[in-house]
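# Structural overview
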Amino acid sequence: MRETDFNVGYPSHRVPMMGRNAVATSQPLAAQAGLRMLQQGGNAVDAAIATAIALTVLEPTGNGIGSDAFAIVWDGSELHGLNASGRSPAAWHPERFADFSAMPETGWESVTVPGAVSAWVTLAQRFGTLPLTTLAQPAIDYARHGFPVSPLIGQLWQRGYDKLRDQPGFSDCFAPQGRPPRAGELFRNPAQARTLQEIAETQGESFYRGALAQKMTAFAREHGAALTLEDLKNHRADWVTLLSRPFAGGSVQELPPNGQGIATLIALGVLEEWEINRYAPDSPQWLHLSIEAMKLALVDLDRYVTDEDHLEFPAEHLLSNDYIRQRAALIDPDKAGDFRFGSPQQSGTVYVAAGDASGMMVSFIQSNYMGFGSGVVVPDTGISLQNRGAGFSLDPDHPNVVAGGKRPFHTIIPAFARDQQGQPLMAFGVMGGPMQAQGHLQLALRIMLHQQNPQAAIDAPRWRVVQGREVVFESTLDRNTLSTLRRMGHNVVLEDPLSNYNFGGAQAIVRDPQGFYIAASESRKDGQAVVF
């Protein structure tokens, strides 16, 4: 029987939480919203949806009603993957962006169709047990009556305001007093409360086909944007087949492109080839091989990943054993490399993990992309729109080149793991742009291979590949280890994990063989794991 190591630990004020029902997310009040659904007889999907809806109110610095979302659900007997990311407006084409050197990151020209609402509705209709109006109620109450802004969210809010204050509708919604709310202040968003009520009562119909859709597209026309009512009507959330890779006697599951989860699976495969289990966690060789494997995966990710309908070849080709062995052979065990993509044979974000006593588990993520996203907020609705269009390429020869009705490359990814018997082991995720696939790799190594308890795995020092031989490490990593890595050729950069939030925000729920959950939440941020 798998035994979790509760003796290992890293500096933190948190301990792993254990119970038969669990929710872990990045904001305590949102976690409590999910817990309320479980206590009312709802299941893990109900809890995840309620938490996700609440996060649009409580953590607008990372997500909103205009976000995209993805999910992995263990229903008690099998896994299901949901891609609820939106597509670009049909009128988008490369010529529209001919005057840009890169895709815009703010304003209407970065806005794609929002998919998060469709994720809530689709999940609720297939797996939920409570009405959507019940699931949305905590969020509606927080928006209507207010919630106290935490110091961390206050800092991120100020950053977003400094960048986006002049975007259409932003300041009216998020700085109604002429400034962003300060830490400890109550913030109310009555327009968002009304919108969430309308979404819940109409099962999302108003958002994609009714009054709310008309408000969004009217605001788009006012600013010369391409988004139309037809674009919203044509949106659909898709059930997809998960990608999987054996690891540490079990397996890890990720959603297929347009997300970056495949990079985690490539890197795990490379590390299996190198028998990473021979090395102690946090040792120089363990870190070196992990970094090199991730670098190999990221260059392939950058070259090949786009909307699944536009891939040059099936994504599974990047995970074939022959290709993984070819890539693994490029690693020098004693020296940092600077890799190019291979050629396989052609044959700001919020995250929620939830589990209930019946065995259902959910891995769910939603995001506006860069903090508040595009900065565009539809007047009198509280709908802040994502900037996922920034994920497209302007290179006409790249599979991810911008086009109409196409999903862009996505950073947000939920993850799941199964044990040696194929039973559910863990729902996990690490928010934070390019950190996400790298964070998944680091948590899988620590929890699956080394049996670290999830809170210890989250608290452990992280690293982040940038480009070439440059790797950013948390300043808490052992100095002797850093010196060894420098001698191996790594360009080591140190960052304070609490000053810039660039090492992501992790949440994880591990299922113990005895039938309860071990839940953990990011110690670098506001998150909370709750159980009963």
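Scroll up a little and you will see the structure.
The text that follows walks through the structure, step by step, so that each part is easy to find. Because the structure is a prediction, the values reported are computed rather than measured.

## Observations regarding the packing of helix α11 (residues 261–273) against helix α12 (residues 284–304)
For any two helices packed against each other, the geometry comes down to the angle between their axes and how far apart the axes lie. Taken N-terminus to C-terminus, the directions of α11 and α12 make an angle of 140 degrees; their axes are 8 Å apart at the nearest point. Here α12 runs oblique to α11, going by the angle between their axes. The hand of the α11/α12 crossing is right-handed. Two secondary-structure elements touch here, α11 through Ile262, Ala263, Thr264, Ile266, Ala267, Val270 and Leu271 and α12 through Leu289, Ser290, Ala293, Met294, Leu296, Ala297, Leu298, Asp300 and Leu301. In the contact of α11 with α12, the residues fall into 13 nonpolar, two polar and one charged.

## Here's the deal with unusual backbone geometry
One non-glycine residue, Asp380, lies in positive phi territory at about 60 degrees. On the basis of relative accessibility, which here comes to 62%, the residue Asp380 falls in the exposed class. With phi around 55 degrees, Gln451 is a residue other than glycine that occupies positive phi space. Relative to the helices and strands, Gln451 resides in the loop between α14 (435–449) and α15 (454–459).

## A closer look at the side chain of Asn368
Relative to the elements of secondary structure, Asn368 occurs in the loop between β11 (361–367) and β12 (377–378). What makes Asn368 buried here is its relative accessible area of 0%. Within the structure, the side chain of Asn368 is placed 3.2 Å from the backbone oxygen of Phe372, a separation counted as a polar contact. When near neighbours in sequence (up to four residues on either side) are disregarded, Asn368 contacts Gly62, Asn63, Gly64, Gly66, Ser67, Gly373, Ser384, Leu385, Gln386 and Asn387.

## A few points about the nonpolar core
Among the nonpolar cores identified, the biggest contains 106 residues, and Ile49, Trp108, Trp120, Leu123 and Phe364 are the most heavily contacted of them. Per element, the largest residue contribution to this core is 12 residues, and it comes from helix α2 (residues 44–58). Those residues in contact with Ile49 that lie beyond four places of it in its chain are Trp120, Leu123, Ala124, Leu132 and Leu135. Residues Ile266, Ala267, Ile291 and Ile413 belong to the second largest nonpolar core, which totals 68 residues.

## Regarding the sheet that holds strand β1 (residues 17–19)
As summarised here, the arrangement of the seven strands in space is β1-β20-β19-β15-β14-β9-β8, forming an open sheet in which the pairing is antiparallel. Strand pairing shows two members of the sheet lacking a second neighbour, β1 and β8 (243–247), which therefore form its edges. For this sheet, the mean angle separating the axes of adjacent strands, direction not counted, is 20 degrees. Alignment of strand β19 (residues 505–511) against strand β20 (residues 517–521), held across five bridges, turns out to be antiparallel. Paired with Ala508 across the strands is Ala520, a residue of β20. Those strands touched by α11 are β8 and β9 (250–254), and its axis lies near 25 degrees from that of β8. The strands touched by α14 within the sheet are β8, β9, β14 (415–418), β15 (424–431) and β19, with β15 carrying the most contacts at an inclination of about 145 degrees.

## What about the pairing of β9?
The element β9 is largely enclosed, with a buried count of five among its five residues. Burial along β9 is two-sided: the face carrying Gly250, Val252 and Glu254 and the face carrying Ser251 and Gln253 are both buried. As judged from the five bridges shared by β8 and β9, these two strands associate in the antiparallel manner. Directly across from Ser244, in β9, lies its bridge partner Gln253. Taking the residues that link successive antiparallel strands as the turn, the β8-β9 hairpin has two residues, and the phi of Ala248 there is positive, at about 55 degrees. Pairing between β9 and β14: four bridges, direction antiparallel. Bridge assignment links Ser251 to a residue of β14, and that residue is Arg418.

## Describing the environment of Glu254
Structurally, Glu254 can be placed in strand β9. Classification of Glu254 by relative accessible area gives buried; the value is 0%. The spacing of Glu254 and Thr241 is 13 residues in sequence and 9.4 Å in space, taken between C-alpha atoms. Setting aside anything within four residues of it in sequence, one finds Glu254 in contact with Leu242, Leu243, Gly261, Thr264, Leu265, Ile413, Pro414, Ala415 and His440. In this structure the side chain of Glu254 is engaged in a polar contact, spanning 2.8 Å, whose partner is the side chain of His440.

## A short note on the environment of Thr228
Looking at where Thr228 falls in the secondary structure, it is placed in the loop between α9 (211–222) and α10 (229–233). Between the C-alpha atom of Thr228 and that of Ala90, which follows or precedes it by 138 residues, the distance is 8.4 Å.

## Brief notes about the pattern of salt bridges
Enumeration over the complete set of coordinates arrives at 17 salt bridges. A salt bridge links Glu275 to Arg278; the shortest N-O distance between them is 3.7 Å. For Asp282, the salt bridge is made with Arg446, and the minimal N-O distance between the two is 2.5 Å. For the pair Asp282 and Arg446, a shared accessibility class is recorded, and that class is buried.

## Notes on helix α7 (residues 190–201)
Helix length check: α7, at 12 residues, gives a terminal C-alpha distance of 17 Å against a target of 16 Å (1.5 Å per residue), a fit within 8%. All of the buried residues along α7 are Ala191, Gln192, Ala193, Thr195, Leu196, Ile199 and Ala200. Buried residues in α7 make contact with α2, α3 (116–127), α4 (132–145), α8 (205–208), α9 and β13 (383–384). Where α7 ends, the next residue or the one after it, Gln203, has phi of about 55 degrees, a positive value.

The rules we used
- Residues numbered from 1 in each chain as written.
- Predicted model: local features only at pLDDT ≥ 70, side-chain atom pairs only at ≥ 80, totals over all residues.
- Heavy atoms only, no water.
- Axes fitted to C-alpha atoms, helices over the stretch in contact; angles between N-to-C directions.
- Helix = DSSP H or I, 4+ residues; strand = E, 2+ residues; numbered from the N terminus.
- Parallel < 35°, antiparallel > 145°, perpendicular 65-115°, else oblique.
- Left-handed = near helix turned anticlockwise from the far one by under 90°.
- Contact = heavy atoms within 4.5 Å.
- Nonpolar A, V, L, I, M, F, W, Y, C, P; charged D, E, K, R; others polar.
- Buried < 20%, exposed > 50% of the residue type's maximum accessible area, 1.4 Å probe, protein only.
- Polar contact = N/O pair within 3.5 Å; in protein donor to acceptor, adjacent residues only side chain to side chain.
- Core = buried A, V, L, I, M, F, W, Y, C linked by side-chain atoms within 4.5 Å.
- Pairing = 2+ DSSP bridges.
- Salt bridge = Lys/Arg side-chain N within 4 Å of Asp/Glu carboxyl O.
- Expected span 1.5 Å × (residues − 1).

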